[in-house]
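Residue strings, one per chain:
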Amino acid sequence: MAKTALVVGASGIVGSATADLLVAQGWTVHGLARRPVEQAGVAPVAADLTDAAATAEALAGMNPDAVFITTWLRQDSEAENIRVNSAMVRNLLDGLSKPTGPRHVALVTGLKHYLGPFEAYGKGSLPQTPFREEQDRLDVDNFYYAQEDEVFAAAERDGFTWSVHRPHTVIGKAVGNAMNMGTTLAVYATLCRETGRPFRFPGSPAQWSGLTDMTDAGQLARHLLWAAETPAAANEAFNVVNGDVFRWQWMWARIAEWFGLEPAPFDGSVQPLEQQMADDADLWRTIAEREGLAEPNLARLASPWHTDADLGRPIEVVTDMSKSRRMGFTAYQPTDDAFFALFERLRADRLIP
């Protein structure tokens, strides 16, 4: 019999890729979002996870074999991030009926587990790279830790297995997503080509010249499914990246070439995209109207604040994935190919010209 999945955050970068993979693998898929979008093969579930009663009502009678939690809500402080996002996980797991058979719950977090939350991102005493899953939590408040603790408590109460997945920056398509480097860079390149502005790396010297890695949304989806179906992966936390490493001084030239641009020389100064793109909303609307693009609202495509946070880090960030490899997960995704595939999809969907 086909297995049933509940993908939470199904309209986001990770959730949509996970739902697509599960459908392709023959699963019956329910996609939960505050405002579900149409997805082939996915039964929509509309729910606001901050509302416990409404969540329980939306989930009444649902007994999924696997639950994939791929969503969060950004708040103005880490204290609020903890309060809101832990409640969302708690309301979700409380709202599901107690499993009548084996159930697995997968939680997607990220490298802020090692780097700290936004208020203390990449600062203070950080663990050595490459980051490894057995490294202790930082001695700071972090909503990722609060989300994990909610999963652990519900698993002990209800008897399901769990896995935690820590991707690096995710490459994938979703409109209106709060963390979307790939689309942000595509929009930035388009604006540079339109105006003749230099296509300049906006981040730090450490990111320009240091090693780094990333996570394609499809790679993460494969990892989530693997953990749900692999008994040895139960009750474990994993890093998940593409499997290659690169330096931005190389990748920046690759991206520039795809858009027909010359990469500007990097002089070592940080010039955040949030400042560079602050006045570009009207220009993007003009481009969208002229080119017949599907989304004229720049704010729904680009998230420069998040791209700045990643590209502005003062340290080299590389992720160890040996734990998954030893357990048999061998999928690999070249990161430049992931960018190029995203750009092709954005163009095909009329999100960039």
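The preceding data block contains the structure.
Before going into details, it helps to say that this report is about the structure given with it. (Residues numbered from 1 in each chain as written. Predicted model: local features only at pLDDT ≥ 70, side-chain atom pairs only at ≥ 80, totals over all residues. Heavy atoms only, no water.)

## Observations concerning the pairing of strand S10 (residues 236-240)
Right, so step 1: Among the five residues that make up S10, four are buried, leaving the element largely enclosed by the rest of the structure.
Right, so step 2: By the bridge criterion, five bridges tie strand S6 (residues 161-167) to S10 in an arrangement that is parallel. Counterpart to Val164 in the pairing with S10 is Ala237. (Buried < 20%, exposed > 50% of the residue type's maximum accessible area, 1.4 Å probe, protein only. Helix = DSSP H or I, 4+ residues; strand = E, 2+ residues; numbered from the N terminus. Pairing = 2+ DSSP bridges.)

## With respect to the layout of surface pockets
Right, so step 1: Roughly 270 Å³ of volume is contained in the second largest pocket.
Right, so step 2: No other element matches helix H8 (residues 217-229), which puts three residues into the lining of the second largest pocket.
Right, so step 3: Across the lining of the second largest pocket, the residue classes break down as eight nonpolar, four polar and four charged. (1 Å grid on protein atoms, 1.4 Å probe; cavity = no way out; pocket = protein on both sides within 12 Å on 5 of 7 lines; lining within 4 Å. Points joined across faces, edges and corners; volume = space filled by probe spheres on them. Nonpolar A, V, L, I, M, F, W, Y, C, P; charged D, E, K, R; others polar.)

## Section: the nonpolar core
Right, so step 1: Grouped together as the largest cluster of nonpolar side chains are 41 residues, with contacts concentrated most on Phe199, Trp248, Ile255, Phe259, Trp284, Phe339 and Phe343.
Right, so step 2: Elements supplying a minimum of two residues to this core: helix H6 (181-195), helix H9 (248-258), helix H11 (281-291) and helix H14 (335-348).
Right, so step 3: Of all the elements, H6 adds the most residues to this core, at eight residues.
Right, so step 4: Apart from residues no more than four positions distant in its own chain, Phe343 is found in contact with Gly182, Ala186, Ile255, Trp258, Phe259 and Ile352.
Right, so step 5: Among the nonpolar cores identified, the runner-up in size contains 31 residues, and Leu22, Ala106, Leu220 and Trp226 belong to it. (Core = buried A, V, L, I, M, F, W, Y, C linked by side-chain atoms within 4.5 Å. Contact = heavy atoms within 4.5 Å.)

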